[in-house]
Structures are given as C-alpha cells and as structure tokens.
Amino acid sequence: MKILVTGGLGYIGSHTSVKLIEAGYTPIIVDNLYNSKKSVLKRINEITGQQPLFYEADIRNKTDLKPIFAQHDIEAVIHFAGLKAVGESVKKPLAYYEVNVYGTITLLDVMSEYQVNNIIFSSSATVYGDKNPSPFIESYPTGNITNPYGWSKFMVEQCLMDLQKAEPEWSVTILRYFNPVGAHPSGLMGEDPQGVPNNLMPYISQVAIGKHGFLSIYGNDYPTKDGTGVRDYVHVEDLATGHVCALQKLNQSGTHIYNLGNGSGNSVLEVVSAFSKACGQQIPYKMMPRRAGDIAAFWSDASKAQKELNWQAHYQLEDMAKDSWRWQQKNPTGYPDEE
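Read on for a plain summary of the structure. From a predicted model like this one, the values you see are computed outputs, not experimental measurements. (Residues numbered from 1 in each chain as written. Predicted model: local features only at pLDDT ≥ 70, side-chain atom pairs only at ≥ 80, totals over all residues. Heavy atoms only, no water.)

1. Examining the overall build of the protein
Here is the rule we go by: Comment: elements are numbered from the N terminus, with helices defined as DSSP H or I runs of at least four residues and strands as E runs of at least two. We compute the radius of gyration over the C-alpha atoms and compare it with the globule rule, which gives 2.2 Å times the number of residues raised to the power 0.38. Here a residue-residue contact requires only that any non-hydrogen atoms of the pair lie within 4.5 Å. Accessibility throughout is a Shrake-Rupley quantity obtained with a 1.4 Å probe, and a residue counts as covered only by protein chains that appear here.
Along the protein, the regular secondary structure elements total 11 helices and 13 strands. Scaling as 2.2 N^0.38, a compact globule of 339 residues should have a C-alpha radius of gyration of about 20 Å, and the protein matches this with 19 Å. Its C-alpha atoms give the protein principal-axis dimensions of about 55 × 45 × 40 Å. The long-range fraction of contacts in the protein, counting pairs at least 24 apart against all pairs at least 6 apart in sequence, stands at 79%. For the protein, the exposed area adds up to about 14,400 Å²; of that, 48% sits on carbon and sulfur atoms.

2. Describing the pattern of salt bridges
For side chains bearing opposite charge, pairing can occur when the charged atoms are close. The condition that has to hold: Here a salt bridge means any side-chain nitrogen of Lys or Arg lying within 4 Å of a carboxyl oxygen belonging to Asp or Glu.
Going through the model one piece at a time under the given rule, you end up with 13 salt bridges. Residues Asp 221 and Arg 290 are paired through a salt bridge, measuring 2.9 Å at the closest nitrogen-oxygen approach. Placement of the pair is Asp 221 in the loop between β8 (215–218) and β9 (230–231) and Arg 290 in the loop between β13 (285–288) and α10 (303–309), with a sequence separation of 69 residues. Through salt bridges with shared partners, one network takes in Asp 58, Arg 60 and Glu 98.

3. Comments concerning the pairing of strand β6 (residues 171–177)
What counts is decided by this rule: The classification of residues rests on relative accessible area computed with a 1.4 Å probe and restricted to protein chains. Under 20% of the type maximum is buried, over 50% is exposed, and intermediate values are partly exposed. Pairing between strands is defined by DSSP: at least two bridges between them are needed. Crossovers are described as right-handed under a simple rule: with the strands pointing away from the observer, the path leading from the first strand over the helix to the second runs clockwise.
Of all seven residues in β6, seven are buried; the element is thus mostly enclosed. Of the two faces of β6, the one holding Ser 171, Thr 173, Leu 175 and Tyr 177 and the one holding Val 172, Ile 174 and Arg 176 are both buried throughout. Sheet topology note: the strand β5 (residues 118–124)/β6 ladder contains seven bridges and is parallel. Bridge pairing in β6 places Phe 121 opposite Ile 174. Considered for its hand, the β-α-β crossover made up of β5, helix α6 (residues 148–166) and β6 is right-handed. In this structure, β6 lies alongside strand β11 (residues 254–260), joined through seven bridges in parallel fashion. In the sheet register, Thr 173 faces β11, and the bridge partner there is His 256.

4. Topic: the packing of helix α1 (residues 11–22) against helix α2 (residues 40–48)
Filter applied, for reference: Axes here mean lines fitted to C-alpha atoms, for a helix over just the part in contact, with angles spanning 0 to 180 degrees between N-to-C directions. Crossings are assigned a handedness: left-handed for a near helix turned anticlockwise from the far helix by less than a right angle, right-handed for a clockwise turn. Each residue gets one label: Ala, Val, Leu, Ile, Met, Phe, Trp, Tyr, Cys and Pro are nonpolar, Asp, Glu, Lys and Arg are charged, and the others, such as Gly, are polar.
Relative to each other, α1 and α2 sit at 35 degrees, their axes nearing to 10 Å. Crossing of α1 against α2: the hand is right-handed. Contact residues: Ser 14, Ser 17, Val 18, Ile 21 and Glu 22 in α1; Val 40, Ile 44, Ile 47 and Thr 48 in α2. Here the contact of α1 with α2 is built from residues that sort into five nonpolar, three polar and one charged.

5. What to know about the packing of aromatic side chains
Heads up, the condition is: Between the rings of Phe, Tyr and Trp (Trp by its six-membered ring), a pair exists once the centres lie within 6.5 Å; its type follows the angle of the planes, with under 30 degrees stacked, over 60 edge-to-face, and the other angles tilted.
Overall, the coordinates contain 10 aromatic pairs when judged by the stated rule. Taken together, a centroid distance of 6.4 Å and an interplanar angle of 85 degrees make the contact between Tyr 128 and Tyr 140 edge-to-face. With Tyr 128 in the loop between β5 and α6 and Tyr 140 in the loop between β5 and α6, the pair connects residues that are 12 residues apart, well separated along the chain. The exposure class assigned to Tyr 128 is buried, which follows from its relative accessible area of 1%. With a centroid separation of 6.2 Å and an interplanar angle of 50 degrees, the aromatic rings of Phe 136 and Phe 178 are classed as tilted. With a gap of 42 residues between them, Phe 136 in the loop between β5 and α6 and Phe 178 in the loop between β6 and β7 (179–181) connect regions that are remote in the sequence. Owing to a relative accessible area of 2%, Phe 136 belongs among the buried residues under this scheme. Overall, Phe 178 belongs to the buried group, its relative accessible area being 7%.

6. Some thoughts on the sheet that holds β11
In space, the seven strands of this open sheet follow the order β3-β2-β1-β4-β5-β6-β11, with parallel pairing throughout. Of all the strands in the sheet, just β3 (53–56) and β11 have a single pairing partner and so form its edges. Neighbour-to-neighbour, the strand axes of the sheet open up by a mean angle of 20 degrees, direction not taken into account. In the packing of α6 onto the sheet, the strands contacted are β5, β6 and β11, and the crossing angle to β5 comes to about 155 degrees.

7. Points about the nonpolar core
In globular proteins that are soluble, nonpolar side chains generally tend to be buried together. Formally: Only buried Ala, Val, Leu, Ile, Met, Phe, Trp, Tyr and Cys residues count toward a nonpolar core, and they belong to the same one when joined by side-chain atoms within 4.5 Å.
Ranked by size, the top nonpolar core spans 27 residues in total, and within it Ile 3, Leu 20, Leu 247 and Trp 311 carry the most contacts. Those elements giving two or more residues to this core turn out to be β1 (2–6), α1, β4 (74–79), β6, α8 (236–246), β11 and α10. Top element by residues in this core is α8. It accounts for five residues. Excluding residues within four positions of it along the chain, Leu 247 makes contact with Ile 3, Leu 20, Tyr 25, Ala 76 and Ile 120. Listed in part, the 24 residues of the second largest apolar core include Leu 4, Val 101, Val 116 and Val 156.

8. Description of the pairing of β4
Burial within β4 is extensive, with five of its six residues counted as buried. Bridging between β1 and β4 involves five bridges; their strand directions are parallel. Bridge assignment links Ile 3 to a residue of β4, and that residue is Ala 76.

9. Overview of helix α9 (residues 268–279)
Put simply, the rule is: Residue count minus one, scaled by 1.5 Å, sets the expected span of a helix.
Here α9 contains 12 residues, and its C-alpha end-to-end distance of 17 Å stays within 8% of the 16 Å for a straight helix at 1.5 Å per residue. Considering only its buried residues, α9 is in contact with α7 (200–209), β8, β10 (233–235), β12 (266–267), β13 and α11 (317–330). Following α9 by one or two positions, Gly 280 has its phi on the positive side, about 75 degrees.

As structure tokens, this is what we get:
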C-alpha cells in the first residue's frame, strides 16, 4: 500500500516513514527541503534496508503534486509538511497561513482530483488554547489560541472537518501531538533544527554538546511542583507508531480525532535532570521571567487513542533523554549536507 508522506524528511515525518516501511507500507516522500535535508534518505535506508521514493516538491504547487499522484496508486496521505516555530509565526503570520493553510487546501484539491480520500493530519495540542483544564480531551472546545502557528493548525482542522461533512466518503484522521522529543534508538535519526532550536530538548542537547552556554528557563513561579512549566512529552518513536496505528481508519468515512501524548506531565527542571543524568554532566541554566502566552501546565488524556487505535506511549522521560543525547553525540552538527 502506497502512502504519500508530505514533509517526510522532517523530524516526525522521517521517523514515521521508517515505521511505515517496517509495517509493510510503501512511503512516497514529498518534501521541499526548507527545513530538512536530503541526506535523511540515506539514514532511512540504513535503518530499514529500503530507501523510499522521494520527490522534491512543494505542497503549494499543484504542478509539483499532480505528476506524483498520476504516477502512483496512492491510497492515503499522511500530511506533516508545514512551518512549525511558534515564535517565528508571530513575526511572520502570513507565511504560516500560506504554507500551512493554503498548502493544505492545494494538497486536498489534488487529492480530490485523483480520488484519494484518506488523510491523516499532523495537528497539535495548541488548538486547545489556554482556557481548558488538564488533562486535555478531544471533545474540548478549540480556540483561544495565542499564536498564528496554532491558529493555522486550527484552520486546517476546520477545513478538513468541513470537507468531510460536504463529501462523506472522505476519511479524515486528525492527530493532536503534545511535545515530541527523543530520537531513533540507533542514533541515526533525530531532531535537526535549522538555527537556534525553538524546543526544549534540542536546546538542552546543544547546551550539553557545547553549542550554547546555558539553558534559559522562562518562569519559576508557576503553580506547579517546582515552579517551572509542565508539559506532556512524547517520544518521537511512539508518535510515529501512532500514525501507523491510525492507518487502520483507512476508508472508514468520518472525522477521527486523537490525542497523542504520554498522559502525564514533566516540568522543565525534571527534563533538565533527566538529560543531565543521560549525558553525565549538569546542564547549566538560568531562570528568566515568564514569557507572555505560556501556559503553566498541560498534558493529554490519550485514552481514546488507546481504546480505538490500540496505541499508547511506551517510552519514558529517561528514554527520551538518552536517545536525544545519543543522536546529539553521533551527529553534533545534525544531518550532513550531502545528497
């Protein structure tokens, strides 16, 4: 079964492509290489013994996408491609709406033309906004979002739900991620942020390897166990497996929404402690004032995914730290630039 994977050379897309191959699927990767590198293909091959078909293409461009759909009997699309930095989205909102919303609409138009009516969408817990109590459940209202990145995910979800309602033959699965971290246990694949990392774990990794002098922790006076922000961290391997589990919803019409998270929270200081243990050195940090828009604590209720997809997270915070550190040690500058 051929599965088109947009953004398939990115952090989550590449790990999912490996899981797809291991489960007997045939991923066809589309990526414009804006925030990824072609050398990821070699790593996928090294892990699985297979190198997926790859097309350098942009989801905003129908002339890029149509020949791929025409050439291959694609049964479903797993849609990762998009911009993902919260801070950048505040500075460049139109870019986020163009890539994430318009790009998805363009992809859906081409899917409709070639009668591919199955899509799994990479969404985010940010759609729950900042008014709902934890743990977040899928039936919570969405909105009250604090940044354009989150609104772009919200808008795409709405587009997908409206499309499915108008054309009931569509099968739409929306996966709301919490905080993806970790790396492939082999150390061959991991998160390779271009420029200064926006997320906690890769920043800690770069502090440990000597790229940055210290970690800034924003806020130590939240109503949490140690005063620092609490988040639900989920290993990228668990997350990738969730997409394979979601493929069982293929050709089952309707909109299916699932949280993918650990179902519990860890504080920033707990993450620092776990990483310090993994790398055998103390991670230096400095306390900074709170950032506007940050929520004190949130985590998932992932019981619906466990019940309907037979999925649950297995990796613990210690595993996430060990795997992140193994990747960072083996790849101190990330993926190589060669093709």
